Amino acid sequence: MSDAQSPTDFDPVEPNTGHDFEPVDVFPDSNDFDLRPGADSCFKCSVCDTNCPVAEVDDDFPGPKFQGPEQWRLKQTDDDYEIDDSVMSCSNCMRCDNACPSGVPLSQMHNTARGEYVEEQMDKLSIEYVRNRILANYRTSATIASKVPGLANWGMNFGPARWLMEKTLGVTKEREFPEFASETFREWWTARGGADASRRNAQESRERMGLDRNADKKVAYFHGCYSNYNSPNVGQAMVRVFEHYGYEVVAPEQKCSGTPMFANGMLKDARRHAEVNVSSMSDLVDQGYDAIASCTSCSMALRQEYPELFDIEGIEKVASNTFESLEYLRIHEDIQEDIQETDVSGELAEEFAYHAPCHARNQGLERQSVELFRDLDGVGIEDVGESCSGISGTYGWKEEKYEKSMEIGEEMFEHMEHAEGDVGMTECPTCASQMEHGTGYEIRHPLELLEAALVK
Amino acid sequence: MAINSDVLVIGGGLAGLTSALKAAREGADVRLVSYKQSSLRHASGLVDLLGYTPDGEGPVTDPYAAMADLHDAHPYQTVGVETVRESMSMFDEVTDYRGDHTDTNALVPTHGGTVKPTARYPTGAAAGLASDDRDVLLVGIEAMVDFDAPHAAAHLEAAGVPFDVRGETIKFPGDLQADAKITRYAKLLDNNGEVAVRGRKKGARDALAERVNTVRENEARVGFPAILGDAHTDGVRAALEEKIGADVFEVPMGPPSLPGLRLEDALFEALDESGASFETGNPVVDFDADGDTIETVYIEKNGARIPNSADQYVLATGGLVGKGIESDRESVKEPVFDCHIEHGEDRYDWFDGDVFGDHAFASFGVETDETLRPLTADDAVEFENLRAAGSVLGGYDFAAEKSGSGVSIATGYVAGENAAAEAR
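Here the structure is a predicted model, which is why all the values come from computation and not from measurement.

Asks: Give me the lowdown on the interface of chain B and chain A, citing residues and values where you can.
Replies: Each partner contributes to the interface: chain B provides 41 residues, whereas chain A provides 51 residues. Buried surface at the junction of chain B and chain A, summed over both partners, amounts to about 3900 Å²; 48% is from carbon and sulfur atoms. Here chain B is connected to chain A by eight salt bridges. With its nearest N and O atoms 2.4 Å apart, the salt bridge here joins Arg-184 of chain B to Asp-59 of chain A. Where chain B meets chain A, there are 22 residue pairs in polar contact (both at pLDDT 80 or more). Secondary structure elements with two or more residues in the side of chain B that touches chain A: α6 (182-190), α9 (258-273), β11 (277-280), β13 (293-301) and β14 (304-315) of chain B.

Asks: Outline the UniProt feature "domain: FAD-dependent oxidoreductase 2 FAD-binding" (unreviewed entry) in chain B, listing residues and values.
Replies: In the UniProt entry, the feature "domain: FAD-dependent oxidoreductase 2 FAD-binding" (unreviewed entry) is given for residues 6-407 of chain B. Structurally, residues 6-407 of chain B comprises 26% helix and 22% strand, and the distance from its first C-alpha atom to its last is 24 Å.

Asks: Break down helix α2 (residues 64-77) of chain A for me, with residues and values.
Replies: Because each turn of an α-helix spans 3.6 residues, side chains separated by three or four positions end up pointing in the same direction. Residues and elements named next belong to chain A. For α2, which comprises 14 residues, the first-to-last C-alpha distance of 20 Å matches the rise-based estimate of 20 Å (1.5 Å per residue) to within 8%. Taking the largest bend as the criterion, α2 deviates by roughly 40°, centred on Glu-70. Among the 14 residues of α2, 10 are classified as buried, and the element is accordingly described as predominantly covered. Every buried residue of α2 is listed here: Pro-64, Lys-65, Phe-66, Gln-67, Gly-68, Pro-69, Glu-70, Gln-71, Trp-72 and Lys-75.

Asks: Tell me about unusual backbone geometry, and please be specific about residues and values.
Replies: Across the junction of Gly-58 of chain B and Pro-59 of chain B, the peptide omega takes the value 0°, indicating a cis bond. Structurally, the position occupied by Pro-59 of chain B is in the loop between β2 (30-34) and α2 (63-67). Note that the residue after Pro-255 of chain B, namely Pro-256 of chain B, is joined by a cis bond; omega there is -10°. With respect to the secondary-structure elements, Pro-256 of chain B resides in the loop between β10 (247-251) and α9. A positive phi angle is found at Ser-392 of chain A, which is not glycine, with a value near 45°. Position of Ser-392 of chain A among the secondary structure elements: in the loop between β6 (380-383) and α21 (402-418). A positive phi is found at Asp-338 of chain B, a non-glycine position, where the angle reads about 55°.

Asks: Give me the side chain of Asp-97 of chain A: which residues, what numbers.
Replies: Residue position: Asp-97 of chain A is located in helix α3 (residues 95-99). It is Lys-36 of chain B that comes nearest to the buried, bridge-free Asp-97 of chain A among opposite-charge side chains, at 6.6 Å. The contacts of Asp-97 of chain A, once residues within four sequence positions are left out, are Val-104, Pro-105, Leu-106, Ser-107 and Gln-304 of chain A together with Lys-36 of chain B.

Asks: I'd love a proper account of the sheet that holds β10 of chain B, names of residues and values included.
Replies: Two modes of strand pairing occur in sheets, parallel and antiparallel, and in both the strands are linked by backbone hydrogen bonds. Residues and elements named next belong to chain B. Across the sheet, four strands lie side by side as β6-β5-β9-β10; this open sheet has parallel pairing. The sheet terminates laterally at β6 (165-170) and β10, the two strands that pair on one side only. Here the average twist between neighbouring strands, direction ignored, is 25°. In terms of strand pairing, strand β5 (residues 136-141) meets β6 through six bridges, oriented parallel. Within β6, the position partnered with Leu-138 by the bridge is Gly-167. Along the sheet, helix α5 (residues 149-158) makes contact with β5 and β6, crossing β6 at roughly 170°.

Asks: Go over the environment of Ser-280 of chain A with me, naming the residues and quoting the values.
Replies: Residues and elements named next belong to chain A. Positionally, Ser-280 belongs in helix α14 (residues 267-286). Using a relative accessible area of 13% as the deciding quantity, one classes Ser-280 as buried. In this view, Ser-280 contacts Pro-252 and Glu-253; residues no more than four positions away in its chain are not counted.

Conventions adopted
- Residues numbered from 1 in each chain as written.
- Chains lettered and ligands numbered in written order.
- Predicted model: local features only at pLDDT ≥ 70, side-chain atom pairs only at ≥ 80, totals over all residues.
- Heavy atoms only, no water.
- Contact = heavy atoms within 4.5 Å.
- Buried area = accessible area lost by both parts, 1.4 Å probe.
- Salt bridge = Lys/Arg side-chain N within 4 Å of Asp/Glu carboxyl O.
- Polar contact = N/O pair within 3.5 Å; in protein donor to acceptor, adjacent residues only side chain to side chain.
- Helix = DSSP H or I, 4+ residues; strand = E, 2+ residues; numbered from the N terminus.
- UniProt positions renumbered as here; feature names shortened; annotations may be inferred.
- Expected span 1.5 Å × (residues − 1).
- Bend = angle between axes of the 7 residues up to and from the residue.
- Buried < 20%, exposed > 50% of the residue type's maximum accessible area, 1.4 Å probe, protein only.
- Lys, Arg positive; Asp, Glu negative; His and termini not counted.
- Pairing = 2+ DSSP bridges.
- Axes fitted to C-alpha atoms, helices over the stretch in contact; angles between N-to-C directions.

As structure tokens, then:
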């Protein structure tokens, strides 16, 4: 299950463990859950707790320090210690990782603890388990719904059906289900001519840019579920922007990134999906492709959660060659200058209230959209602050968590309403739905704006 | 290609933030990168300049006057006393801190009941100064064991403060768990969120004031641990003052610290307004140099190396605690650029046998020329486009001197100014 390992090779703040750290085999079977990696570096400063959006509003949640390092210590001293059920209230925002001055891999510990709780302590026949499993496997529902998008859009938001879902499954009736697109990204991609069409477009761009027509610029797009089923316009923008810069895009076979499964402790499901993703991405990385994601939770999963939780062949290689889309262009293209020389008019000439998703923060990407677009004529962009949106994927869909989720998001809603614009912007599809839910604003993705600015 | 800027600052503490802010204000295109969130979250939020001399004399009354007598290798001597004043003016401009009306150190009571000589303090601590002679009630919260109010009060009396001080411990209203996070208290007070008191719902501010009123005699000032709100701390204090009928202040606490968090927010906001870029969450692990010029540094994100290039670099990664300086049993190192750090060959020379003795390790750090460029063992410049600021610098013992914030602000300011000038 959890193949425990040291968090990264390089860790400048690993005073206790050193570079040749070996996890102690405390459990009889080394495939069992092990909360150990990095635990000894925790000196209980509690700074992680100041970052936890759940602990701020929930009197019963003991915070990230307890869920990780403390539970490890408790397990050490008490043979019968069972994982506390409060771990299910952790929303997996992963903010605590960024806070720890000693590099304790807190979110890895939480994912492991949650996995153990669900696997060994949770009743598989309980409504909570069934509900969580359905929510975590969004891709399965989405695949079915996308076959009949019109019917699904109607049915999922049909009042009596929603009331029944809340009563029987504990899925809140307060939220509107995301709309399914009439044409998925992959349908669009195939109809457009797939990778061959992309190669031709990239070659044309290279000629326009004065580059070698056959220059080696290629990326593999991890579109994730949401860009495929719900917002194919984001995926299309990603393809057009990358082609504009002369990149050939491929859209390899892929499943869910696993993010909602980690957050619900469904590690077996997550592993099954991860195996497919790693296998198709690692083949491409071998051929010189970099993996690009437009959803920051997807890139987070590929970069950090996979190598922390699973031992899959090729995973390290995929992790070190995965990038968020804007980040990649910032590294490889002179995008800042291109932005300064262009402008946006029409539908996207707006003032945007930008929210950085937690999973963007953890990749050091919380500022890139604001810093990039503040030089773009015709638009304004304002950072609405550091609060978490509160939805955290499936968290805000649970009936018992709905109110907490809205309480966490309150600060963001307030900041959005005080911001100049009435249009929101974020990279994360579930943050987007929370922003929309809390303010009624329309929400856009940075790639859509980038497309409007660069690809005329 | 790489992510480019004129000046790249490595480190997000007080020194890094000051240096990035100064460089941006000088017109440079600045980028700040920090491995983890700012270490200000661990700081009390008090800003000291010089509380005690290196010989342990003090508390110092006028820190500027005392700086002139410091030894030549002290960072204050490197940058000069006038520059320290200038750098503090910039700090005053971007924060709502108090203490800038005088050169004299303020005396602020701490959560342990000691009195700390400090140059600047948050507005929220203002009513608590030990030089004020009005009587004080300290209010502790049962579950918050870091602040034992009666104990702190007894300590303050023993220190000879010119007023009567009493400590009372109360239960925070509502049914909060024993180890509720400081952010939980702050959020409740920020929003005046509902708490249940004997079955009835009440606003947290109102309920807290009512509890305090049952234990207050007629003290003119009431001190709380620093949990009085985060986003609306002035509003929380004002509401409590009205309901209690006394001045209210916060006593700075150990980590994690809300006053430190608020200072971090204020400085990042100023940095944002100056047009600088920043990112946190990933370490600088490697660099390319051409001779003695640093060309590119690499930030690591789970195995991916993100190149960042600049004309000028500032190293503000902190000291032993901030991990800008590392040691093992063999040697002491600066891990990013491997700058030279002077230290004895024998590790037994690094410390003193007496716990509170004069430890050599406390002053370990890079030595610099007068423009703050780190020097090699032969006193040559390590890299012509690298400057160092804050606790990565050697030659001073901030813990003993109470000079950590001042040295960070002053050297950050100078490093930022010089880097921007060279980048043009």
